[in-house]
Amino acid sequence: MNDRKHGDRHRNDSRGGRSAADRTRVQPSRKVALDVLSAVRESDAYANLLLPGRIARAGLSPADAALATELTYGTLRMQGYYDRVIARAAGRPVDKIDPPLLDVLRLGAHQLLSTRVASHAAVNESVALARQVGSRSGTGFVNGVLREIGRSTPEEWRARVLADAKNEDERYAALTSHPSWIVRAFHRALESEGRGEELEALLEADNTAPRVNLVALPGLAEPPEGARADRFSPVGFTAGGGDPQGLVTEAEGRLRVQDEGSQLAALALTRARPVQPGERWLDLCAGPGGKAALLAAEALAGGATLVANEVVPARAELVRRALAAVPLDVPVWERDGVVLGADEPEAFDRILLDAPCTGLGALRRRPEARWRKTPRDVAELTALQARLLDSAVAALKPGGLLAYVTCSPHVAETRAVVADALDRHRSSLRPVRTADVVQSVAEERLDLAGDPALVQLWPHRHLTDAMFIALLEKPA
Ligand SMILES: C[S@@+](CC[C@H](N)C(=O)[O-])C[C@H]1O[C@@H](n2cnc3c(N)ncnc32)[C@H](O)[C@@H]1O
């Protein structure tokens, strides 16, 4: 095929259609997208970590890079929905389809059902991809299934898929491409605030790429010119253009990428009451260090000290790097947070417990994450969260303040963990009106609902991750 004459002959194919060479040639952006889909499936890779390197290696132009990103993220997010369509069009369940061909079909279904790519281009490119990954019969199969999908409109497919749903949560699960158990968990969390009717808006927000949000560490940096201040966080902003990562590097970490909800969670702890010089603070589960950097800047401004703890050594190293931006000596411990309270009883005035959690509140950031989580993860994590919270209570001084935070709205990880802890520590722990504190920190009034002792932020309502914050205090 490298032979020029050979190549020319193929280009001048007398059938007037695409030559054999053309038929095996695949647009590089689609090839990159397929490579990433395969790696996510085969080796549990994270698309957002893998994609930039693959784009650079393929030398994609900015336009092709944007297309590769859209194809990858869009296909991963909507995979559950596309699988329902593919199963109907193929006349067999997707687990009976060769996985590499299923990747090709998902990518093709995405182009046919959710983009403006012309049908013939979507089908032909997919067939060429199938030729690269599979057998001869595979190309015919991909061709047949995608042509079948292309014969109906996206609206007709939606109606067919919805016809299979048994109840309302399943309808939303099918349509917005979420596992049913996650839809049920979100519905329950919204209902616990009296806002069950927001379910569809929340699920749609999960399918929308988030803006890149930054923080200017207070006292150490100011947002750059052209930046747009956040609505709620007094230290948050979005860059007015240009590369946010470039800004971070230039500011040597004093500007950082951080979700606005994370900023509010850290500030709720540091600004709930005036800081007394000499206060000792602890970040119990600090890796990779985003909130620790903000806590350190706040501690420096108020005359407090901070200890950061992270049990995973590689993540503790990330904490050290994050803290390098702040001129405060912050020891980074690598201890098991579960036993730290027994070793350091009543030692800290303020403690942040940003607990390991399912991360269901940040699904919009990691398009494949929803397919990897299981209800079993919730059970394992809630047990750990309870033990970490007991340890934090033990490490808290009388009169001290504790923030229990998760990046998950699942009620088992949020209000249930807090309610059980209040029950276990009836004489040594009481709730704080967290909603009042967060409102006082925020630049603009937040639409918060439910129990004022608990704050649940939401992607659809606040454009933040679904961060949960509960402030608790130990009576003096
Ligand atoms: C949600 S993340 C914290 C995020 C962090 N606050 C930030 O803003 O960058 C939870 C962290 O807890 C750590 N972790 C898990 N189990 C722990 C334990 N037993 N003791 C201490 N840290 C733990 C995890 O390794 C993870 O880095």
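The name an unreviewed UniProt entry assigns to the protein chain is 16S rRNA (Cytosine967-C5)-methyltransferase, from the organism Leifsonia shinshuensis. For the record of the protein chain, the UniProt heading Sequence similarities (unreviewed entry) holds the text "Belongs to the class I-like SAM-binding methyltransferase superfamily. RsmB/NOP family."

Engineer: Please give an account of the nonpolar core that cites residues and values.
Structural biologist: Nonpolar side chains in soluble globular proteins tend to be buried together. Ala268, Leu353, Ala403, Tyr404 and Ile469 are the most contacted members of the largest nonpolar core, which has 146 residues in total. Element by element, the count of residues in this core is highest for helix 7 (residues 99-114), at eight residues. Residue assignment places this core across two domains, with domain 1 (4-154) and domain 2 (214-473) each supplying three or more.

Engineer: Account for helix 12 (residues 180-191), naming residues and giving values.
Structural biologist: With 12 residues, helix 12 extends 16 Å between its outermost C-alpha atoms, agreeing within 8% with the 16 Å of an ideal straight helix rising 1.5 Å per residue. By the burial criterion, the buried members of helix 12 are Ile182, Val183, Ala185, Phe186, Ala189 and Leu190. For helix 12, the buried positions fall inside an angular range of 165° around the axis, keeping them on one side. Along its buried surface, helix 12 packs onto helix 11 (168-176), helix 13 (199-206), helix 19 (369-372) and strand 11 (454-456).

Engineer: Can you explain the UniProt feature "domain: SAM-dependent MTase RsmB/NOP-type" (unreviewed entry) in the protein chain? Please cite residues and give values.
Structural biologist: Feature annotation in UniProt places "domain: SAM-dependent MTase RsmB/NOP-type" (unreviewed entry) on residues 182-475, given in this structure's numbering. Structurally, residues 182-475 is divided into 39% helix and 17% strand, and its ends, taken at the C-alpha atoms, are 37 Å apart.

Engineer: Let's hear about unusual backbone geometry: which residues, and what values?
Structural biologist: For the bond running from Gly287 to Pro288, omega is 5°, close enough to zero to count as cis. Within the secondary structure layout, Pro288 lies in the loop between strand 5 (280-283) and helix 16 (290-302). One non-glycine residue, Asp44, adopts positive backbone phi at about 55°. For Leu463, which is not a glycine, the phi torsion comes out positive at approximately 60°.

Engineer: Describe the site of the ligand, naming the residues involved and giving the relevant values.
Structural biologist: Around the ligand lies a shell of 18 residues, among which Cys285, Gly287, Lys291, Gly337 and Asp354 are the nearest. In terms of residue class, the shell around the ligand is built from seven nonpolar, six polar and five charged.

Engineer: Can you break down the packing of helix 10 (residues 154-163) against helix 11 residue by residue, with the values?
Structural biologist: Packed helices, taken two at a time, are described by their axes: the angle between them and the distance between them. Between helix 10 and helix 11, whose axes approach to 9 Å, the crossing angle comes to 145°. The handedness of the crossing between helix 10 and helix 11 is right-handed. Mapping the contact onto sequence places Arg158, Val161 and Leu162 in helix 10 and Arg171, Ala174 and Leu175 in helix 11. Classifying every residue of the contact of helix 10 with helix 11 by side-chain character gives four nonpolar, no polar and two charged.

Engineer: How would you sum up the UniProt feature "active site" (unreviewed entry) in the protein chain? Please name residues and give values.
Structural biologist: Within this structure's numbering, the places UniProt gives as "active site" (unreviewed entry) are Cys407. Positionally, Cys407 belongs in the loop between strand 9 (396-406) and helix 21 (415-424). Note on Cys407: 24 C-beta atoms within 10 Å, which makes it buried. Contact partners of Cys407, with chain neighbours within four places excluded, come to Cys357, Gly359, Gly361, Ala362, Asp465 and Met467.

Engineer: Now, about the environment of Leu402: what can you tell me, with residues and values included?
Structural biologist: By secondary structure assignment, the location of Leu402 is in strand 9. Owing to 25 C-beta atoms within 10 Å, Leu402 belongs among the buried residues under this scheme. Put simply, Leu402 and Ile351 are 51 residues apart on the chain and 4.8 Å apart in space, counted from C-alpha to C-alpha. Once residues within four sequence positions are removed from consideration, Leu402 is found in contact with Ile351, Leu353, Ala392, Val393, Leu396 and Leu472.

Engineer: Mind laying out the pairing of strand 9, listing which residues take part and the relevant values?
Structural biologist: The buried fraction of strand 9 is high, at eight of 11 residues. Here strand 9 pairs with strand 12 (residues 468-473) via six bridges, running antiparallel. Within strand 12, the residue paired with Leu402 across the bridge is Leu472.

Engineer: Which residues make up the sheet that holds strand 2 (residues 228-229), and what values do they have?
Structural biologist: The antiparallel open sheet is built from four strands, whose spatial order is 2-3-1-4. Both edges of this open sheet fall to strand 2 and strand 4 (255-257), since each of them pairs with a single strand only. Where strand 1 (residues 214-216) and strand 4 come together, three bridges link them in antiparallel fashion. Note on strand 4: the bridge partner recorded for Leu214 is Val257.

Engineer: Describe the domain arrangement of the protein chain, and please don't skip the residues or the numbers.
Structural biologist: Size of an interface, as often reported, equals the accessible area lost when the parts are brought together. Along its sequence, the protein chain is carved into domain 1 (4-154) and domain 2 (214-473). Taking only C-alpha atoms into account, the centre of domain 1 sits 40 Å from that of domain 2. At the interface, eight residues of domain 1 touch four residues of domain 2. Only helix 4 (47-58) and helix 5 (62-77) provide two or more residues apiece to the side of domain 1 that touches domain 2. Of the residues forming the side of domain 1 that touches domain 2, the biggest block, three residues, is contributed by helix 5. When grouped by side-chain class, the residues that make up the side of domain 1 that touches domain 2 number five nonpolar, two polar and one charged.

Cut-offs applied
Residue numbers restart at each chain and count upward from 1, following the sequence in its written direction. Owing to the predicted nature of the model, reporting of local features is limited to residues with pLDDT of at least 70; listing and counting of side-chain atom pairs is limited to 80 or more, with chain, interface and lining totals taken over all residues. UniProt positions are given in the numbering used here, feature names are shortened, and annotations may be inferred rather than shown by experiment. Definition of nonpolar core: a set of buried Ala, Val, Leu, Ile, Met, Phe, Trp, Tyr and Cys residues joined via C-beta atoms within 7 Å. Three exposure classes are used. Buried residues have 20 or more other C-beta atoms within 10 Å of their own C-beta, exposed residues have 12 or fewer, and partly exposed residues fall in between, all C-beta atoms being placed from the backbone. Each helix corresponds to a stretch of at least 4 residues labelled H or I by DSSP, and each strand to a stretch of at least 2 residues labelled E; elements are numbered beginning at the N terminus. Domain extents, as shown, originate in an automatic or database domain assignment. The span expected for a helix works out to 1.5 Å for each residue beyond the first. Picture the helix axis, draw a direction to every C-beta atom, and the arc is the one those directions span. What counts as a contact here is a pair of residues whose C-beta atoms, placed from the backbone, lie within 7 Å. Any residue whose C-beta atom, as set from the backbone, lies within 6 Å of a molecule or strand is reported as near that molecule or strand. Think of it as three bins: nonpolar holds Ala, Val, Leu, Ile, Met, Phe, Trp, Tyr, Cys and Pro, charged holds Asp, Glu, Lys and Arg, and polar takes everything else, Gly as well. Lines fitted to the C-alpha atoms define the axes, with helices restricted to the stretch that makes contact. Angles between their N-to-C directions range from 0 to 180 degrees. Helix crossings get a hand from a simple test, with the near helix turned counterclockwise from the far one by less than a right angle marking a left-handed crossing and a clockwise turn marking a right-handed one. Here, any two strands with at least 2 DSSP bridges between them count as paired.

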